[in-house]
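# Close look at the chain arrangement
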Amino acid sequence: MKDRKTSTKARPPDADDAPAREARLQGLVHELQVHQLELELQNEALRNAHTELLLAAAVFAHSYDGIMVCDRDELIVDVNPAFTRITGYAREEAIGRKPSLLASGLTADGVFEAMRQSLDEHRCWRGEIVNRRKGGALYPQAMSIAAVADAAGRVSNYVAVFSDISKLKFHEAELLRIANYDTLTGLPNRRLFSDRLQLALARSRRSGNPLAICYLDLDGFKDVNDRHGHAAGDQLLMTIARNLSAALRAEDTVARLGGDEFALLIDVEQDSHCEAAMERVLAATRLPVAINGQNHSVSGSLGLTIYPADDADAETLLRHADQAMYLAKEAGKNGFHRFDLARDQGVKAVNRQRQRLEQAMQGGELLLHYQPKVDLSTGRVMGAEALVRWQHPEHGLLLPGAFLGILQNTSLEVVLGEWVIDHVLTQIGTWRAAGLRLGASANISPYHLLQPDFAERLAALLQCHPDIDAALLELEILESAALSDATQAAGTLAKCRALGVKLSLDDFGTGYSSLALLRQLPLDVLKVDQTFVSGMLEDPSDQALVEGVIHLAQAFGCDVIAEGVETPEHGAVLLAKGCSVCQGYGIARPMPAELLPAWSREWSNSARWTRPH
Ligand code: C2E
Ligand code: MG
Ligand code: MG
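Residues numbered from 1 in each chain as written. Chains lettered and ligands numbered in written order. Predicted model: local features only at pLDDT ≥ 70, side-chain atom pairs only at ≥ 80, totals over all residues. Heavy atoms only, no water.

What follows concerns the coordination of the magnesium ion (ligand 2). All of the protein donors around the magnesium ion (ligand 2) are E385 (OE), N443 (OD1), E476 (OE) and D506 (OD); their distances to the metal are 2.0 to 2.2 Å. Binding-site remark: the magnesium ion (ligand 2) is held by donors from one chain whose sequence spacing is E-x57-N-x32-E-x29-D. Between the magnesium ion (ligand 2) and the magnesium ion (ligand 3), the interatomic distance is 4.0 Å, and D506 donates to each metal, bridging them. Remark: D506 occurs in strand 18 (residues 502-508) and E476 occurs in strand 17 (residues 473-478); sequence separation between them is 30 residues. There is no split in this pair, since E476 and D506 are both buried. (Donors = N, O, S within 2.8 Å, 3.2 Å for Na, K, Ca; no water. Helix = DSSP H or I, 4+ residues; strand = E, 2+ residues; numbered from the N terminus. Buried < 20%, exposed > 50% of the residue type's maximum accessible area, 1.4 Å probe, protein only.)

Okay, structure coming up:
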């Protein structure tokens, strides 16, 4: 080993180093290759970084949004061309300045505090501010700011990207205007009025001042429109809108609800000031308006309700004012009417009762009792009067006096009347089937009789009972009903008579029929009112009246019947005076239909009343 070592050392250097050199060389080549590869990689990274930088620069330069870069001290270090386009400041003018360069002083309170807080906590902020351009013009801008941190995590820069949103805001405002204002007059519309009403109610609750909610409807506006055209009508509305606004204070509201209807909110401070405010509004409405060189003037009907005396919600308050306006119209227009809570509650109660009664009709709670009419001279039962009853589940059997008034002059009266006629016709058939040929009368209310199609509907009802002789049906018409429109009543009654139905004038003597009217009406029977009959024994004038009616009936060729015959004495006097057909408690009380055949048999067999024959 030693030798070999020695011998190796002894070898000539060239020959000995060749392989080592070869190896070193190869090593160097390898290193070079690695290095080259590294260089290539670095080059590519550099190229990529370069491309990225170019791209970022292009974004910066070509962005449509303004970009502003600040350093950590919030001094502008760079801005892009869009910044200059939007703000009017050149790059050189902006650099080194603070962003407050653009401040307008009009940005909403608290926005900058919120911006600072968000940048500190979340390193970003987004929102809207109002800025001022170099030329002084204001503009709204939407902006987002990002805080950029360095390798150590400290904020090194702020990058703000913003856009001018003037157009957007303009459209937004336009939409808001269209949604909230009336295009013709520029006044708030119904929607904005509702908002203002809510606010005014809250204000009134705080201040304790009463608030008048008013509904104004112009009188005679349609006439102006019709006679002078729509352009003139529009002109009138615009001027009245201005006059109304001028008559009120800035904090009050005048709104146009549509057509010629306006709504007003007036802070009246004291209830007693209300009247003066209403007079001011009406006077402003009446101011003459020049249209095409001519002065026109319309008046207004004003309804109002006062909060909190009327402690309702916004919608109801306006409805109350509207209702009051209708009463102002009814009272002759050009005036105001204050909503009357007590009256309204009364009306509501009647409506509820009406609904309940309608329910009763549909639910079969109404029924008819029949009171016989007899001829005292022969003992014959001549017929029976149908009298309506309400079998109330809680209040028991109710007489018509307790509920018919609720129906007065409503369509329900017609429904009831037709129901009665139909049942009476059915009842006549039922009695006939039980061996009793008996006619019956139905009471007809004035409102029902004066329906234009009364006779036609009666004909239809008769057709539903083809086996019933129409002559067995009698209609009892109140004297007052015949009076209110005599010509129409006479026409209707003539048609009814043509159908074969009998007609009587009920409660005769209580209305004010003239003899001329009586002659005009095609009547079969006059019914002496029970008040004269009951008073006749004591009061000679009542007796004279009864006598008069009897003679009148004879003169007109009508039969006569006395109602309210309570005692045999009444019957005897009536008989002596020539009125033999009677009805009254003394003969029989109204009774359920099924009891009538037995009663009738019993009556005919007994001779309870004095008979002259
Ligand atoms: P009316 O048509 O004059 O009917 C006579 C009323 O006098 C009935 O009262 C009857 O019960 C009552 N009466 C009968 N005999 C006597 C008597 O001897 N003494 C006294 N004090 N009263 C007597 P009722 O049933 O309470 O009806 C009252 C009114 O209600 C009727 O007066 C009629 O105008 C109306 N009415 C009744 N039923 C109907 C109906 O179905 N339709 C319409 N529209 N009105 C009806
Ligand atoms: Mg009657
Ligand atoms: Mg009567």
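Structure shown, so let's carry the discussion forward.
The next thing to look at is the coordination of the magnesium ion (ligand 3). Metal coordination angles have textbook ideals: 109.5 degrees for a tetrahedral set of four donors and 90 or 180 degrees for an octahedral set of six. Bound to the magnesium ion (ligand 3) on the protein side are D506 (OD), D507 (OD), E563 (OE) and E563 (OE), at distances that span 2.0 to 2.5 Å. Site description for the magnesium ion (ligand 3): donor spacing in sequence, D-D-x55-E. By relative accessible area, D507 is classed as partly exposed at 21%. When its relative accessible area of 6% is taken as the criterion, E563 is described as buried.

Inspection of the region around ligand 1 gives 21 residues, with N443, D506, Q530, E566 and Y585 positioned closest. Here a nitrogen atom of ligand 1 and a side-chain polar atom of Q371 are 3.0 Å apart. Among the detected pockets, ligand 1 sits in the largest pocket. Mapped by element, the contributors of at least two residues to the shell around ligand 1 are strand 14 (381-392) and strand 18. Tallying contributions element by element places strand 14 first for the shell around ligand 1, with four residues. (Near = heavy atom within 4 Å. Polar contact = N/O pair within 3.5 Å; in protein donor to acceptor, adjacent residues only side chain to side chain. 1 Å grid on protein atoms, 1.4 Å probe; cavity = no way out; pocket = protein on both sides within 12 Å on 5 of 7 lines; lining within 4 Å. Sits in = over half its atoms within 2 Å of the grid points.)

Among the six residues that make up strand 7 (residues 253-258), five are buried, leaving the element largely enclosed by the rest of the structure. Here five bridges tie strand 7 to strand 8 (residues 261-267), and the two strands are oriented antiparallel to one another. The residue of strand 8 that forms the bridge with G258 is E261. A loop of two residues connects strand 7 with strand 8, the two strands running antiparallel in sequence, and G259 in this loop sits at a positive phi of about 50°. (Pairing = 2+ DSSP bridges.)

How big an interface is tends to be stated in terms of the accessible area lost upon association of its parts. Entries for the chain in the domain assignment read domain 1 (61-169), domain 2 (185-339) and domain 3 (351-605). The C-alpha-based centres of domain 2 and domain 3 are spaced at 51 Å. (Domains from an automatic or database assignment.)

What follows deals with the layout of surface pockets. If you add up the space inside the largest pocket, you get close to 1000 Å³. Along its surface, the largest pocket is lined by 39 residues, and E385, L387, P400, L404 and N443 are the ones closest to its centre. Ranked by the residues each element gives to the lining of the largest pocket, the list is headed by strand 14, at five residues. Classifying every residue of the lining of the largest pocket by side-chain character gives 16 nonpolar, 14 polar and nine charged. (Points joined across faces, edges and corners; volume = space filled by probe spheres on them. Nonpolar A, V, L, I, M, F, W, Y, C, P; charged D, E, K, R; others polar.)

With that settled, consider the pairing of strand 14. Counting buried positions over the twelve residues of strand 14 gives ten, a clear majority of the element. Pairing between strand 13 (residues 366-375) and strand 14: nine bridges, direction antiparallel. By the bridge assignment for strand 14, L366 is matched with W390. If you look at the hairpin formed by strand 13 and strand 14, you'll find five residues sitting between the two strands, and G379 has a positive phi there, around 85°. Relative to strand 16 (residues 440-444), strand 14 runs parallel, the two being bridged by three bridges. Residue pairing in the sheet places E385 in a bridge with S441 of strand 16. The pairing of strand 14 with strand 15 (residues 396-398) spans three bridges and is antiparallel.

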